[in-house]
Amino acid sequence: MELARKPRERVDYTDLLRDTDGKPFASKQQLADAVNREFVTAAAACGAPVPARARCRAHMAEWRDASDTSIRLIPFTLAEINVILKTAIASKNSTDIYGLSASLLRQAGFAISFVLSHLFNDCMKSGVYPDGLKKVKICPLYKGKGQKSAVKSYRPISLVPGPSKCFEVGLNRRLLEYWFPRNVLSNCQYAYRRGRSTTDLVREVVRDVLRAREAGRHVAAICCDLSRAFDTADHTLVAEKLAHCGIRGPALSLLLSFMTERTQVVCGENGQISSAEMQNLMGVPQGSCLSNTLFSLLLNDLPRAINGASIYMYADDVTAVVSTPSARELEGALNSVVGQLQDWFKSNGLALNKEKTCFITFKLNGHPTQNLKVSAGDAQIQHVTCTRLLGFHLDGALVWDTHIDEVCGRLGRACFALRRLARTAGRAAVRDCYFATVHSLLTYGTELWGRSSDWQRVFSMQKRAVRAMAGVPDDTSARELFKEFHILPLPCLYLYQVAMFTYGHIDEFKRRGTNPRYSLRSNKYEYRLSTISHKLAKTERSVYYLGPSVYNRLPSTVRNAASAQSFKSRLKSWLEENNFYNYQDFFNLPLAV
């Protein structure tokens with residue numbers, strides 16, 4: 001109401017969709033069947049090839065030797081079931097194919113945990129996943145682009161049965177607990193890994209680019225797009241990779257049973273209509289943590305199979321960074337890497353979407369890059385000057401202007417909403433809305449773009465948001481308002497992110513640092529970290545260069561914190577107290593003794 005907008009009308013997809021001729025379906029039942037058929041057959045229609053299992057076995061053998069041990073699945077306990085239901089399953093009211101919601105399952109957790117533990121343990125002994133838990137309810141969701149009347153403009157959202165979610169969480173934990181000590185999963189995979197995020201991947205890509213430019217090498221990044229990667233995964237190939245990594249016997253049979261003979265139903269009109277059941281013949285089921293781990297294993301040996309490139313993966317988003325001594329060699333190296341990627345995807349039953357795959361060359365001085373021709377088979381790969389990588393707009397000069405343009409546009413809409421809301425809502429509610437809209441945008445990858453030449457534009461939008469919250473004129477100084485609302489200005493947010501990153505990677509910086517000094521006050525050794533040598537101004541603005549500079553200027557009360565949580569709390573309090581309004585105020589501070 002405060003935004004003066006009309007209430008959003010909930011329009012069901014069944015009222016929008018048309019057949020291929022643009023005509024309405026004869027009935028909504030026929031429409032639901034057509035949508036389900038499209039979702040089931042789309043994986044095969046995308047052109048995914050049949051896996052070449054002999055080549056896959058060779059790649060696996062090159063990647064690592066077959067495991068000489070096998071997993072033993074530990075039985076479920078009542079306590080474990082209760083913990084999973086309370087902490088690992090989100091309390092949602094959306095219902096599965098049986099009409100049961102996750103919130104209801106959590107409420108009944110104590111009563112059903114005994115039965116579930118026995119059923120899950122029997123399934124692990126027999127190696128059979130129950131058919132009743134493999135029935136999935138599909139709710140089509142508009143992608144946000146394309147015609148709303150076309151079926152291809154919708155993506156399937158899977159709602160798996162509640163008990164299946166609990167079972168999958170427990171199985172996934174057992175797999176990871178077996179694999180992590182043996183270093184089975186590739187460090188190049190950033191998705192579904194604790195302590196890793198999209199920001200971590202983009203930061204490593206930028207670091208790779210800067211290292212190459214520091215060495216005077218020419219560098220480019222290939223951003224691969226796979227067509228329906230989760231839906232085209234081959235069950236037999238996944239099973240072979242599981243067996244290669246020590247998942248054998250009843251555990252392998254159980255996971256293969258989990259993937260195969262799954263059925264799905266498309267629902268519409270709030271569950272009033274349902275399509276006929278259809279069986280999925282390929283792919284790992286989406287919507288579960290266990291499926292994510294299985295797909296990660298499918299891509300696990302990709303980095304070792306590609307020569308001449310550094311591979312970074314986030315689920316099915318694959319980025320390859322290629323560098324060569326000269327610009328003349330770069331084109332050949334890019335074509336070689338694209339060919340290797342295409343061959344690996346083909347041998348593993350995955351289809352490279354050549355229309356959406358692109359590459360970007362980096363020239364940090366802003367000069368135009370050389371026009372290179374890179375192709376995958378008979379299709380040419382698009383050469384772009386800016387590409388979207390996991391929520392970031394990555395440009396060839398690493399100036400982040402396109403990314404900041406988008407951030408400022410979204411901040412402008414948030415400022416308008418906050419000003420309208422501040423007229424009627426209390427300050428506490430308005431502050432909560434600030435953290436839900438403005439703060440989430442400012443903290444996403446701030447350490448990457450926070451020192452770019454356009455950072456003042458984002459800071460101006462943040463000050464506008466704080467003035468809107470306070471209901472003061474636009475020419476009012478916002479410095480005291482930040483303290484009043486207990487909000488960190490953008491420079492402090494940047495320093496906070498950089499300091500937290502440095503603290504989390506302190507051992508890496510210590511190896512480059514000077515000798516430690518023993519402090520009688522803190523009863524432990526204190527380090528003054530040294531910065532890396534560099535030639536480029538872009539490197540000087542990177543988190544790897546600025547991390548030691550920021551950390552060394554923090555007071556000893558912050559640096560000597562006993563834990564990460566204590567360091568985080570003390571750092572935030574210190575930054576809030578100092579309220580740095582620009583970076584120079586901070587870097588003028590003397591180095592900590």
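Please refer to the structure placed before this passage.
Everything numeric here is computed off the predicted structure, so don't read it as measured data.

## Some thoughts on the overall build of the protein
Looking only at helices and strands, the protein has 24 helices and 15 strands in total. Computed over its C-alpha atoms, the radius of gyration of the protein comes to 27 Å, within 12% of the 25 Å expected for a compact globule of 593 residues. Reported as C-alpha extents along the three principal axes, the dimensions of the protein are approximately 70 × 60 × 55 Å. By residue count, 49% of the 593 residues in the protein fall in the buried class. In the protein, 72% of the contacts between residues at least 6 apart in sequence involve partners at least 24 apart. As displayed, the protein has an accessible area near 28500 Å², and 50% of this comes from carbon and sulfur atoms.

## Notes on the pairing of strand E4 (residues 262-268)
Burial runs high along E4: seven of the seven residues are buried. Of the two faces of E4, the one lined by Arg 262, Gln 264, Val 266 and Gly 268 and the one lined by Thr 263, Val 265 and Cys 267 are each fully buried. The pairing of strand E1 (residues 135-142) with E4 spans four bridges and is classified as parallel. In the strand pairing of E4, Ile 138 is matched with Val 266. Pairing between E4 and strand E6 (residues 278-280): three bridges, direction antiparallel. From the neighbouring strand, Gln 264 faces E6, where its bridge partner is Met 278.

## With respect to the sheet that holds strand E3 (residues 218-224)
If you walk across this open sheet you meet the six strands as E7-E8-E3-E9-E11-E10, and the pairing is mixed. Because the sheet does not close on itself, it has two edges, and the strands there are strand E7 (310-314) and strand E10 (374-376). Direction aside, the axes of adjacent strands within the sheet are offset by 30° on average. Across the sheet, helix H7 (residues 198-214) is in contact with E3, E7, strand E8 (317-324) and strand E9 (358-362); its angle to E7 comes to roughly 165°.

## Here we look at the nonpolar core
One finds Val 458, Leu 554 and Leu 575 to be the most contacted residues of the largest nonpolar core, which totals 83 residues. Beyond its immediate sequence surroundings of up to four residues, Leu 575 is in contact with Leu 488, Cys 492, Leu 495, Tyr 496 and Phe 580. With 75 residues, the next largest nonpolar core counts Trp 63, Ile 71, Met 313 and Leu 330 among its residues.

## Section: the pairing of strand E12 (residues 386-389)
Of the two faces of E12, only one is covered, namely that formed by Thr 387 and Leu 389; the face formed by Cys 386 and Arg 388 stays uncovered. Inspection of the sheet shows E12 paired to strand E13 (residues 392-395) by four bridges, in the antiparallel sense. Along E13, the bridge assignment pairs Cys 386 with Asp 395. Here E12 hands over to E13 after two residues, with Leu 390 in that stretch at a positive phi of 55°.

## Focus: a positive patch on the surface
Residues Lys 143, Lys 145, Arg 155 and Lys 356 make up a contiguous surface patch of positive charge. Residue placement: Arg 155 occurs in strand E2 (residues 154-159).

## Structural notes on helix H13 (residues 401-422)
Over its 22 residues, H13 runs 31 Å from end to end, which matches the ideal 32 Å to within 8%, given 1.5 Å per residue. Those residues of H13 lying buried are His 403, Ile 404, Val 407, Cys 408, Leu 411, Ala 414, Cys 415 and Leu 418. For H13, the buried positions fall inside an angular range of 135° around the axis, keeping them on one side. Along its buried surface, H13 packs onto E13, helix H14 (427-442), helix H15 (446-449) and helix H16 (455-470).

## Concerning the state of the cysteines
What the rule picks out here adds up to zero disulfides. With no disulfide of its own, Cys 386 lies closest to Cys 358 among cysteine sulfurs, the gap being 9.7 Å. On the basis of relative accessible area, Cys 386 is assigned to the partly exposed category, the value being 26%. Cys 408 takes part in no disulfide bond, and the closest cysteine sulfur, belonging to Cys 415, lies 9.6 Å away.

Calculation rules
- Residues numbered from 1 in each chain as written.
- Predicted model: local features only at pLDDT ≥ 70, side-chain atom pairs only at ≥ 80, totals over all residues.
- Heavy atoms only, no water.
- Helix = DSSP H or I, 4+ residues; strand = E, 2+ residues; numbered from the N terminus.
- Rg over C-alpha atoms; globule rule 2.2 N^0.38 Å.
- Buried < 20%, exposed > 50% of the residue type's maximum accessible area, 1.4 Å probe, protein only.
- Contact = heavy atoms within 4.5 Å.
- Areas by Shrake-Rupley, 256 points an atom, 1.4 Å probe, with all protein chains shown as cover.
- Pairing = 2+ DSSP bridges.
- Axes fitted to C-alpha atoms, helices over the stretch in contact; angles between N-to-C directions.
- Core = buried A, V, L, I, M, F, W, Y, C linked by side-chain atoms within 4.5 Å.
- Patch = residues over 30% accessible without salt bridge, like charges linked within 9 Å, V, L, I, M, F, W, Y side chains within 5 Å.
- Salt bridge = Lys/Arg side-chain N within 4 Å of Asp/Glu carboxyl O.
- Lys, Arg positive; Asp, Glu negative; His and termini not counted.
- Charge placed at Lys NZ, Arg CZ, Asp CG, Glu CD.
- Expected span 1.5 Å × (residues − 1).
- Arc of directions from axis to C-beta.
- Disulfide = S-S within 2.5 Å.

The quantities given are spatial measurements derived from coordinates; they are silent on function.
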